[in-house]
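# Structural description and commentary
One-letter residues, chain by chain:
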Amino acid sequence: MASASILLSEEQFLCSICLDVFTDPISTPCGHNYCNTCITHYWNTSGVCQCPLCNKTFCNRPEFSVNKVLSEMADQFRKSKQQRQTSSTNPEPAEPDEVSCDVCTETKPKALKSCLVCLTSYCDAHLEPHLRLAGLKRHKLIDPVKNLEDILCKKHDRPLELFCKTDLMCICQFCTESDHKLHQIVSLKEAYEGKKAELGKTEAKVQQMIQERQVKIQDVRHSVEFIRKDADRETADSVQVFTALISCIERSQAELIDVIEEKQKTTEKQAEGFIKELQQEITELEKRGSELKQLSHTEDHLHLLQNFTSINTPPPTKDWTKVNVHQSAYAGTVKTAVAQLEKTLSQEIEKNLHDAELRRIQLYEVDVTLDADTAHPKLILSEDGKQVSCGNMKKNLPDNPERFSLHANVLGKESFSSGRFYYEVRVKGKTDWTVGVARESINRKGSITLSPNNGSWTIWLRNGNEYLAGDPADPLPVREELQKVGVFVDYEEGLVSFYDVETRVHLYSYTGCTFTERLYPYFNPCLNKNGKNSAPLIISPVNHTD
C-alpha cells in the first residue's frame, strides 16, 4: 500500500474543502470524496445538500459511511509524506556499495531510482518531481545504476536503447542508420527477455550438473564402502584358510593381508581424489550458479546483456560418466600366495579358496522367476514360477513374439544390463538339461546352436553323463553327478561363470565377453524321455554358509 501511494500524486489525496489529506473520507452519490467533518459542516452552514464540485443537489441528505480503502490509502500517504520529509531533513549517507543521489551536494543519501532520460540518480526527496509532474512521469526510471555514462553510446552520446543481434551489442537509435544499418535490431527489452531465458536454461543445466556430481559422490562413497566390506570378507577368508596350516602358511597369510590392505588403500586414495575433484567442480558450479541466478534476476537490461557472454557458459568440467572406482579382484592375489606354498598343502588351500570365492559370489544373489510368456508350449511351470519341466503335449498358447516355438526353452522375467548377479538351479535327478544366460535378441522361433555367437552362455548335460560347455564344446571336470549349479555374471567384466554348489568347485567360465544387450536367465529342462528326464529344474534360494 505504501509503495502504491508513492506513485500517486498528492492531489488525489486532498479534500477539496479543507485542501488537506483526507480524514475519515466519505463518497457522495455523485462520486466525489470529502472529509466527513468537512462535508457535514459545509452542508450545515449552507442549508443545501449540494456537491461543492459538481453542484449536484440532493433532496435528502445522504447517509455516509467512511470509505475504508481511501481512508487507508490516505493514512499511508500521510505517513509516507512524513517519512520523506524526515529523511530529506536528515538523510542517511549511502553505503560504499550503494548508488548515491547525484543532486544532493553535502550528505549523499542512497538513490532510489536512476532516470534514463535525465541520466541522473535520485534520492527519495529529489525523486518526488518525477512522481508528481506529468512531463517527468514519462521518463524511464530504473533501479539505481552507477556510472550512468556507460549506458550512453560512446559514438553518438545517446542512450543505448536497442540491441544488435547481428553484432551482439547494445546500440543507440543513430547507430541503426550507420554502422548497424540493415542489421537485425531489437529492443533492449526483447533482447533482455531472450537472454534472460537462456540464462535460466543455463542455470538449470548448472544445477543439474551439480546434482549429477552429488549423485556421483554418493556412488563413489557407496563403491568405497562395498570395497571395504569386500576387503573385510577377503581378510576373514584368508584367516580361515591360513589358520589351519603350518607357520609357512601364516607368513603367506600376513603377506596376503598386506597386499589386500594396500589395494584397499590405493582404491580409497583414488576414490578420495575423485571426491575432491567432484567437490571442487561443485564449488565452481555453485559459484557460477549463484552468478547466473543473480544475473537472471536483474532488471538492468544493459547489465545483463553486457555480462551475458562471460557468465552464460558453465565452467569447464570433467566428463564423469565413465569414471568409476573399480573393485579390486582379490582371488588372484590369494591364488598367487597359495601357489608359493608346498605342494602337499595345495589341495587343502584350493578347496578353501573355491569355497571363499563362491561365498563372495553368492552375495550377488538375485530373485529369479520364470517368464511364462517365453515358455515353449510343452513346458510345465509351477505356480510360483520357480520350477519347470517338459510335458508330452503342447498346450494351446498364443504364439507371441517372446515365446520359444522350436526348443523347450524358457527365460527368467528378470533382465540385467549392468553389474553382477548370481542364481542357483537344482538339476538333481535329470539326464538332460541346459542352464545359463541368453541375450534378449536370441532366436525364439528357429533352431538354436548353444554358442556365445548365437546369444547364449550355458553349460549342459546330455545322456546323464556328458557335462559340456563352450564353443566348441568341451567336457567339464565333473567327478560326481551335479546336484545344484550356480550361475554368476559380471556384465562389465564380460564374465559368465558356473559352479558346482555342493562341492563348491568352479566348473567353467566364459571370459572376455562383450555384452551389448540385456541378459536373461536361461533354462531348458529338455524332453522328458518317457519319464526318464521328468524331474524339474528348480530355481533354489542360496544357502549362505558362514
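Described in the following lines is the structure provided in the data block. Please read all numbers here as calculations on a predicted model, not as lab measurements.

### With respect to the overall build of the protein
Along the protein, the regular secondary structure elements total 10 helices and 21 strands. The C-alpha radius of gyration of the protein comes to 43 Å, more than 25% above the 24 Å expected for a compact globule of 546 residues. Its C-alpha atoms put the protein at 125 × 60 × 55 Å along the principal axes. Within the span of the protein, comprising 546 residues, buried residues form 41% of the whole. In the form shown here, the protein has an accessible surface area of approximately 30400 Å², with 49% of it arising from carbon and sulfur atoms. Each charge sign in the protein was given a centre, from 66 positive and 78 negative side chains, and these centres are 4 Å apart.

### What about the pairing of strand S14 (residues 456-462)?
Side-chain positions along a regular strand alternate between the two faces of the sheet. Counted residue by residue, S14 has 6 buried out of 7 residues, so it is predominantly covered. Taken together, the 6 bridges between strand S13 (residues 433-439) and S14 define a ladder with antiparallel strand orientation. The residue bridging Trp 433 from the neighbouring strand is Leu 461, located in S14. Direction of pairing for S14 relative to strand S15 (residues 466-469): antiparallel, over a ladder of 4 bridges. Residue Arg 462 lies in a different strand from S15, and its bridge partner there is Glu 466. Following S14, the chain reverses through 3 residues before pairing antiparallel with S15; Asn 463 in that reversal takes a positive phi of roughly 60 degrees.

### Thoughts on the sheet that holds strand S5 (residues 141-142)
Strand order in this open sheet of 3 strands is S4-S3-S5, and the pairing throughout is antiparallel. Two strands in the sheet have a free side with no partner beyond their single neighbour: strand S4 (120-122) and S5. Here helix H4 (residues 124-132) sits on the sheet in contact with strand S3 (113-115), S4 and S5, set at roughly 110 degrees to S4.

### Section: the nonpolar core
With 47 residues, the main nonpolar core has Trp 433, Ile 459, Val 485 and Phe 523 as its most contacted residues. Other than its neighbours up to four places away in sequence, Phe 523 contacts Val 368, Leu 370, Ala 408, Asn 409, Val 410, Gly 412, Tyr 423, Val 425, Thr 434, Val 435, Leu 537 and Ile 539. Core analysis: the next-biggest nonpolar cluster, separate from the first, contains 41 residues, Leu 160, Tyr 192, Val 220 and Ile 282 among them.

### With respect to the packing of aromatic side chains
Ring pairs (aromatic) are described by centroid distance and by the angle formed between their planes. Inspection of every chain in the model, using the stated rule, returns 12 aromatic pairs. A ring pair is formed by Tyr 423 and Phe 523, whose centres lie 5.7 Å apart and whose planes are at 55 degrees; its orientation type is tilted. Residue Tyr 423 is located in strand S12 (residues 420-426), and its partner Phe 523 is located in strand S20 (residues 519-524); the two are separated by 100 residues in the primary sequence. By the burial criterion, Tyr 423 is buried, and Phe 523 matches it. Chaining the aromatic ring pairs together yields one cluster made of Trp 43, Phe 58 and Phe 64. The residue whose ring lies beneath Lys 318 is Trp 320, and the NZ or CZ to ring-centre distance is 4.7 Å.

Procedures and definitions
Residues numbered from 1 in each chain as written. Predicted model: local features only at pLDDT ≥ 70, side-chain atom pairs only at ≥ 80, totals over all residues. Heavy atoms only, no water. Helix = DSSP H or I, 4+ residues; strand = E, 2+ residues; numbered from the N terminus. Rg over C-alpha atoms; globule rule 2.2 N^0.38 Å. Buried < 20%, exposed > 50% of the residue type's maximum accessible area, 1.4 Å probe, protein only. Areas by Shrake-Rupley, 256 points an atom, 1.4 Å probe, with all protein chains shown as cover. Lys, Arg positive; Asp, Glu negative; His and termini not counted. Charge placed at Lys NZ, Arg CZ, Asp CG, Glu CD. Pairing = 2+ DSSP bridges. Contact = heavy atoms within 4.5 Å. Axes fitted to C-alpha atoms, helices over the stretch in contact; angles between N-to-C directions. Core = buried A, V, L, I, M, F, W, Y, C linked by side-chain atoms within 4.5 Å. Phe/Tyr/Trp six-rings, centres within 6.5 Å; stacked < 30°, edge-to-face > 60°. Lys NZ or Arg CZ within 6 Å of the ring centre and 35° of its normal.

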